[in-house]
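# An overview of the molecular structure
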Amino acid sequence: MKKHSKQENLLYLVAWGILFVAPLLSSYIRSISDPNFTFSWNGVFLVWQMFVGYLVVFLIHNFLVAPLLVYHNRRVLYFSIMTVVLAAFITCQCVSRPDNRRHFGHRPPPMEHRGERSPHFGKHPPGKRRPGMPPPIIGERDIMAIVVLILMLGANLGTKNYFRSRNEHKKLLALEKQNLEQQLEYLKYQINPHFFMNTLNNIHALVDIDPGKAQETIVELSKMMRFVLYEGDKKGVTLSREFDFIRTYIKLMKLRYTDKVRISIDLPDEAPDRTIPPLMLISFVENAFKHGISYQQASFVEVSAEVRQEQLHFHCRNSKAAKPNQEKGGVGLANVRKRLNLLYDDRYTLQISDTTDFYNVELTIPLS
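Residues numbered from 1 in each chain as written. Predicted model: local features only at pLDDT ≥ 70, side-chain atom pairs only at ≥ 80, totals over all residues. Heavy atoms only, no water.

## Things to note about the overall build of the protein chain
A count of helices and strands for the protein chain gives nine helices and seven strands. When contacts within the protein chain are restricted to residue pairs at least 6 apart in sequence, those whose partners lie at least 24 apart make up 75%. (Helix = DSSP H or I, 4+ residues; strand = E, 2+ residues; numbered from the N terminus. Contact = heavy atoms within 4.5 Å.)

Laid out in structure tokens, this is it:
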């Protein structure tokens, strides 16, 4: 992370530019509006001379001292250096004050006229210093200058903390995005092995029952492998491609089961040109076959989908077998929910009905 971002330096440049232009603009406007006022560069230069002192302290604080506190949290070193800087600034203010320069020999004090005495001889007029006495060490202007300097340095610290917090927030968002992508990759690679394991089990069962169907199954499996290899790494696939993948999977499952298993599929033949994450819907279909099919009794699996108002409404319903298949596989509902949360946050709905006779899933996700 850069300690001095371009935006931060640009902000300082604009602020100091406005500050140095302000007395010049003020004198120019006053010379136009007030006929008794004459524009003088000397007055502007005197103000600029005062600003230069503040600018030097600001540059030292911004580029050398403030990073010690903001980025390295070295408080003792920061306040020690700032104590020295403030002391040097106060000393320069006191020495360069006009009345102090006069006192130290720049202008000799007036002499009384010979033979004449002032009516206030021996008396000290109220509100004035006695002739020959040194001026106070710190005057009102010095106190105001110190207050302005402290406020300026405080604003510098606040600005630097703001940009540091903003940069850290951007970094945190980038890390969260990277973590999200890693979690999605983990879930995706967790889905693929389980899916192929179940499909290979289907082929193994068909080899002894019907070698012709087994060969057909291998051809269909190659289509699905092509989909996973070339489409599975993408962030989104078209609805038509995802629907074709589900149709192929269900076709393979139909080759395995007898007429006791009723399998129905109702997917749009012509889907709109929208995308969804690959292998999102197949998890529900896979679990439906895993938990809802029984070889001893009549079973069913129903899969349907519909697109309405830029949303995909997916429905998967299956019977609940008294003795479901003991095949392993599937990513589980918890991981499916996790993937949906990572992808859609609160922009999806998943309603599940688990009764004694059937298991029903209704999923609604936005389309992009």
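Here the narrative resumes.
## Focus on the packing of helix α6 (residues 211-231) against helix α7 (residues 239-256)
Two numbers describe how α6 lies on α7: the axes approach to 10 Å, and their chain directions differ by 155°. Between α6 and α7, the interaxial angle falls into the category roughly antiparallel. Seen from above, α6 lies across α7 with left-handed handedness. Contacts from K213, E216, T217, E220, L221, M224, F227, V228 and E231 of α6 reach α7 at R241, E242, F245, T248, Y249, K251, L252 and L255. (Axes fitted to C-alpha atoms, helices over the stretch in contact; angles between N-to-C directions. Parallel < 35°, antiparallel > 145°, perpendicular 65-115°, else oblique. Left-handed = near helix turned anticlockwise from the far one by under 90°.)

## Some details on a nonpolar patch on the surface
Together, V52, V56, L59, I60, F63 and L64 make up an exposed nonpolar region whose accessible area comes to about 510 Å². Assignment of secondary structure puts V56 in helix α2 (residues 41-70). Classification of V56 as partly exposed rests on a relative accessible area of 43%. (Patch = residues over 30% accessible without salt bridge, like charges linked within 9 Å, V, L, I, M, F, W, Y side chains within 5 Å. Areas by Shrake-Rupley, 256 points an atom, 1.4 Å probe, with all protein chains shown as cover. Salt bridge = Lys/Arg side-chain N within 4 Å of Asp/Glu carboxyl O. Buried < 20%, exposed > 50% of the residue type's maximum accessible area, 1.4 Å probe, protein only.)

## Concerning the pattern of salt bridges
Under the definition given, this model contains 12 salt bridges. Residue E8 is joined to K160 by a salt bridge in which the shortest nitrogen-to-oxygen separation is 2.7 Å. Of this pair, E8 sits in helix α1 (residues 6-33) while K160 sits in helix α5 (residues 140-209), placing them 152 residues apart in sequence. The burial state of E8 is the same as that of K160; both residues are buried. Between R247 and D269 there is a salt bridge; the shortest N-O distance is 3.7 Å. On the criterion of sequence distance, the pair formed by R247 in helix α7 and D269 in the loop between β2 (261-266) and β3 (275-276) is long-range, its members being 22 residues apart.

## Thoughts on the sheet that holds strand β7 (residues 358-366)
If you trace the five strands from one edge of the open sheet to the other, you get β2-β4-β5-β7-β6, paired in mixed fashion. Each edge of the sheet is formed by a strand with only one pairing partner; in this case those strands are β2 and β6 (349-354). Taking the axes of each pair of neighbouring strands and ignoring which way they run, one obtains an average angle of 5° across the sheet. By the bridge criterion, six bridges tie β2 to strand β4 (residues 299-308) in an arrangement that is parallel. Across the sheet, residue V261 finds its bridge partner in β4, namely S299. Together, β2, β4 and β5 (311-319) form the strand contacts of α7, whose direction differs from that of β2 by roughly 165°. Most of the contacts of helix α8 (residues 282-292) go to β5, to which it runs at about 10°, and overall it touches β2, β4, β5, β6 and β7. (Pairing = 2+ DSSP bridges.)

## Here's the deal with the confidence of the model for the protein chain
Residue-level pLDDT values for the protein chain average 78, and 78% of them are 70 or greater. Per-residue pLDDT stays below 50 along residues 100-109; that stretch engages in 12 contacts with residues further than four places along the chain or on separate chains. Note on residues 111-118: pLDDT is under 50 here. Beyond four places in sequence and across chains, it has one contact. (pLDDT = per-residue confidence, 0-100.)

## With respect to the pairing of β7
Taken together, the nine bridges between β5 and β7 define a ladder with antiparallel strand orientation. Note that in β7 the partner of Q311 across the bridge is P366. Pairing analysis gives six bridges linking β6 to β7, with the strands arranged antiparallel. Along β7, the bridge assignment pairs L350 with L363.

## Let's talk about the packing of aromatic side chains
On inspection of all chains with the given rule, the structure shows 14 aromatic pairs. Here the aromatic rings of F20 and W48 are separated by 6.4 Å at their centres, their planes lie at 50°, and the arrangement is tilted. You can see F20 sitting in helix α1 and its partner W48 sitting in helix α2, a full 28 residues away along the chain. W48 sits in the partly exposed class, given a relative accessible area of 22%. Where F284 meets F314, the ring centres are 6.2 Å apart and the plane angle is 45°; that geometry is what we call tilted. With F284 in helix α8 and F314 in strand β5, this residue pair connects regions lying 30 residues apart in the sequence. Here F284 matches F314 in class, with each residue buried. Put simply, the rings of Y12, W16, F20, F39, W41, F45, W48, F51 and F58 pair up and form one aromatic cluster. Taking NZ or CZ as reference, R317 lies 4.4 Å from the ring centre of F358, over its face. (Phe/Tyr/Trp six-rings, centres within 6.5 Å; stacked < 30°, edge-to-face > 60°. Lys NZ or Arg CZ within 6 Å of the ring centre and 35° of its normal.)

## Structural notes on helix α3 (residues 75-95)
In an α-helix, one turn spans 3.6 residues; hence positions three or four apart end up facing the same way. Relative to the 30 Å expected for 21 residues at 1.5 Å per residue, α3 spans 30 Å between its end C-alpha atoms, a close match to the ideal helical length. Here α3 has its buried residues at Y78, M82, V85, F89 and C94. The buried residues of α3 all sit within an arc of 165° when viewed along its axis, so they share a single face. Facing away from the buried side of α3, by more than 90 degrees, are the exposed residues V76, T83, V84 and V95. (Expected span 1.5 Å × (residues − 1). Arc of directions from axis to C-beta.)

## Re the packing of α1 against α2
When two helices pack together, their arrangement is captured by the angle between the axes and the distance separating the axes. In contact at an axis separation of 9 Å, α1 and α2 are set at 165° when each is read in the N-to-C sense. The pairing of α1 with α2 is recorded here as roughly antiparallel in orientation. Read as a crossing pair, α1 and α2 show a hand that is right-handed. Packed against α1, whose contacting residues are E8, N9, Y12, W16, L19, F20, P23, L24 and S27, the element α2 presents W41, V44, V47, W48, F51, V52, Y54, L55, F58, N62 and F63 at the interface. Classifying every residue of the contact of α1 with α2 gives 16 nonpolar, three polar and one charged. (Nonpolar A, V, L, I, M, F, W, Y, C, P; charged D, E, K, R; others polar.)

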